[in-house]
Amino acid sequence: MHLKEGYSLLLKPHRPSVPFVLCSNPSLDVNPNPKMETQIALKESDVLKRLNHERDLAVALEYFKSVANSRSFKHTPLTYWTMIEKLGRECEMDGVQYFLQQMKLEGISCSEDLFISVISSYRQAGAVELALKTFYRMGDFGCKPSVKIYNNLLDALLSDNRFQMINPIYMNMKKDGLEPNVFTYNILLKALCKNDRVDGARKLLDEMSSRGCQPDNVSYTTIISSMCKVGKSKEARELAMRFIPIVPVYNALINGMCKECKIEEAFKLLDEMVCKGLSPNVISYTTIINALSDAGNVNLSMAILAQMFVRGCHPNIHTFTSLIKGFYSKGRSCEALNMWDQMMREGIFPNVVAYNTLIHGLCSNRKMGEAVSVLNQMERNRCTPNQTTYSTLIDGFAKAGDWVGASDTWNKMMSHGCRPNVVVYTCMMDVLCRNYMFKQAHYLLKNMTMEMCPPSVITFNMFIKSFCRSGQVDLAMNAFDQMEKYGCAPTITTYNELLYGLFREWNFTEAFGLLRELEERGIKPNLVSYNTILYGFCCAGMFQKALQLLGKMLVRGIKPDTVTINIVINAYCKLGKVKTAIQLTDAASAGHWHPDLITYTSLIWGICNWIGVEQAIIYFNRMLNEGISPNVVTWNVLVQGVFSNTGYSGHTRFLERILCRGYDKMV
């Protein structure tokens, strides 16, 4: 089984423009036969009817041309407009410009509504710059812009995220002596909010009122929603008290509270809606259900679902998807599948997001066969899988160690013309690296660059981790050196993986050099970093350095975990400070931390070597009483301690006794 090579990613083919030529002089007699001079005159309504009913653009163009080149009808502003709209819907913008120029040559007036239609077509075609050029040519056609066309142009710029162009157009509008209306302000509000300038949007809201333009529901909903998105739900709530909130405003507030994990506040808003005579809709309930499911409280989510039914509000696809996600996050696969079946019984057909949620749940529970069956079901139901679908499946196969399944999924994705993104590439390379197929993984890395899909930091971190865990630290360092070439700055995760690999290989020189580089770059170490460095110091026998680093870690507010405490206890034992190690264990045990097998093994080793075997036996018994079973390492430490203690008699009977006690505890 292998990845199929030579797959060309399917791109949308460029459709050539429909060729057409209109006679620039309709009065010219192109037919020399005098018998054909008398022709039936056509009415405008007849021509419009024919153009509107003709679905084939080429046929419509041919008819338009034949009429223009005959003496039966002279095209009007309305017939030109109809043809321009047909061309615009097919994104044939060259044809649109041709017709505009033809109207100008024939002296046919162009209305503002016609230019609005052209701007809309450019917006649909993704060519907003050309829409702007057409707008500035309006004067050449004898058409003066009004607030209406300015609003359409501003909205087109907003939809294409051309924020830098919006303000100059707005200032130009004011220079033309045009007063902005509520639609203009709403577009400007959306532009400011989309550009993360919520404070500027609030000032504009005040400007609206001062100019006598009363904000409407769209204005308030835009502001409230944006404030909640940037974590200002409290201020948004205060602003909402200044006007009579509507359901969309409440939904925005509920969403903001849920994002800030203020579920109780969201419930209060739900009750407040009911008290004010507003009926919460499916968005209101689903937002809370989704937040509860993400928090793992799927039981309360079900209670909200029941409340929905009681109040006559029916769940939609998003409601069921949130519940399915919640059940899978808690490992309740059967209930998740039951919820899927209920959704189908309700007559709600799954979309790609719902299918992806189900596939993710199945993959996370290692049910790859069922996940592939869902993929096949998607295709049968004409729901096209997307990049998320394939990356989820490939990642699932990777974690299951199934290279064949991942390869089949990749090939299927390519054969269906789905272009892989950086996530899909990274998942596939993870599969290859897990199976030590580093050459193939490098091939995909090069392919990413060729397909204009540059690798991310996550891609390189995955590479580096795979190399380090397989003992190929030199390859990991090479990948590290390549990151800059691809414009990827290393993160603390990158350094953590490299340090771990270098310390495991006892390559302390490069490891300490990497530590200096970490400090020079100003990257702050996290808990994993400290644990890795502590481990490295202990491997190098630099126990005093390890304890100094622990002090620095505590000063910087990094809370130690079990790994940290075990490393420090081991360091104290190696230094002969066993009593300090015991005190640390007892002090940590007084809190929420509990010693584990590694802790006791380190203590038993230290006590055997520095205090005496009798004291070690006390901690061995304590470990057994806490339900912790010794492993081979623990037994080796204890046995070596007993036999190295020359002053202890009766070794055999003693070992028989502790072995029997240990065996009893294990069984």
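Predicted, not measured: the structure shown is a model, and the values here were computed from it.

### Digging into the pattern of salt bridges
Phase 1 of the analysis: For the structure on display, the rule yields 22 salt bridges.
Phase 2 of the analysis: With a shortest N-O distance of 3.4 Å, aspartate 586 and arginine 622 are connected by a salt bridge. With aspartate 586 in helix H32 (residues 578-589) and arginine 622 in helix H34 (residues 613-625), this residue pair connects regions lying 36 residues apart in the sequence.
Phase 3 of the analysis: For aspartate 586, a relative accessible area of 35% puts it in the partly exposed group.
Phase 4 of the analysis: Relative accessible area serves as the criterion here: at 26%, arginine 622 is assigned to the partly exposed category.
Phase 5 of the analysis: Beyond isolated ion pairs, a larger network of salt bridges with shared partners links Glu129, Asp160 and Arg162.

### Considerations on the environment of aspartate 561
Phase 1 of the analysis: With respect to the element layout, aspartate 561 can be found in the loop between helix H30 (543-555) and helix H31 (562-575).
Phase 2 of the analysis: Sequence spacing of aspartate 561 and serine 602 is 41 residues, and the spatial spacing of their C-alpha atoms is 16 Å.
Phase 3 of the analysis: Other than its neighbours up to four places away in sequence, aspartate 561 contacts Leu527 and Asn531.
Phase 4 of the analysis: At 3.2 Å, the side chain of aspartate 561 and the backbone nitrogen of valine 563 are in polar contact.

### Topic: the confidence of the model for the protein
Phase 1 of the analysis: Residues with a pLDDT of 70 or more make up 90% of the protein, whose mean pLDDT is 82.
Phase 2 of the analysis: Confidence over residues 661-667 falls short of pLDDT 50; this stretch has ten contacts with residues more than four positions distant or in other chains.

### Observations regarding the packing of aromatic side chains
Phase 1 of the analysis: This model, assessed by the stated rule, comprises 22 aromatic pairs.
Phase 2 of the analysis: Taking the centre distance of 6.0 Å and the plane angle of 65 degrees together, the rings of phenylalanine 503 and phenylalanine 512 count as edge-to-face. The pair formed by phenylalanine 503 and phenylalanine 512 is uniform in burial state, with each residue classed as buried.
Phase 3 of the analysis: Its guanidinium or amino end placed over the ring of tyrosine 63, arginine 50 lies 4.3 Å from that ring's centre, counting from NZ or CZ.
Phase 4 of the analysis: The ring of tryptophan 605 has lysine 574 lying over it, and the distance from NZ or CZ to the ring centre is 5.6 Å.

### Observations regarding the packing of helix H13 (residues 247-259) against helix H15 (residues 282-294)
Phase 1 of the analysis: Between H13 and H15, the least distance of the axes is 9 Å, while the angle of their chain directions is 5 degrees. On the basis of their axis angle, the class for H13 and H15 is roughly parallel. Mapping the contact onto sequence places Val247, Asn251, Ile254, Asn255 and Cys258 in H13 and Ile283, Ser284, Thr287, Ile288 and Ala291 in H15.
Phase 2 of the analysis: Of the residues contributing to the contact of H13 with H15, the split by class is six nonpolar, four polar and no charged.

### Here's the deal with the packing of H15 against helix H17 (residues 317-329)
Phase 1 of the analysis: Contact pair H15 / H17: the axes reach a minimum separation of 9 Å and the direction vectors enclose 10 degrees. Comparing their axes, H17 and H15 come out roughly parallel. Contacts from Val282, Thr286, Ile289, Asn290, Ser293 and Asp294 in H15 reach His318, Thr319, Ser322, Leu323, Lys325, Gly326 and Ser329 in H17.

### Comments concerning the side chain of threonine 601
Phase 1 of the analysis: For threonine 601, the position within the fold is in helix H33 (residues 597-610).
Phase 2 of the analysis: Under the relative-accessibility criterion, threonine 601 is labelled buried at 11%.
Phase 3 of the analysis: Within polar-contact distance, the side chain of threonine 601 engages the backbone oxygen of leucine 597 at 2.8 Å.
Phase 4 of the analysis: Residue contacts for threonine 601: discarding those within four places in its chain leaves Val633, Thr634 and Val637.

So, how was this worked out
Residues numbered from 1 in each chain as written. Predicted model: local features only at pLDDT ≥ 70, side-chain atom pairs only at ≥ 80, totals over all residues. Heavy atoms only, no water. Salt bridge = Lys/Arg side-chain N within 4 Å of Asp/Glu carboxyl O. Helix = DSSP H or I, 4+ residues; strand = E, 2+ residues; numbered from the N terminus. Buried < 20%, exposed > 50% of the residue type's maximum accessible area, 1.4 Å probe, protein only. Contact = heavy atoms within 4.5 Å. Polar contact = N/O pair within 3.5 Å; in protein donor to acceptor, adjacent residues only side chain to side chain. pLDDT = per-residue confidence, 0-100. Phe/Tyr/Trp six-rings, centres within 6.5 Å; stacked < 30°, edge-to-face > 60°. Lys NZ or Arg CZ within 6 Å of the ring centre and 35° of its normal. Axes fitted to C-alpha atoms, helices over the stretch in contact; angles between N-to-C directions. Parallel < 35°, antiparallel > 145°, perpendicular 65-115°, else oblique. Nonpolar A, V, L, I, M, F, W, Y, C, P; charged D, E, K, R; others polar.

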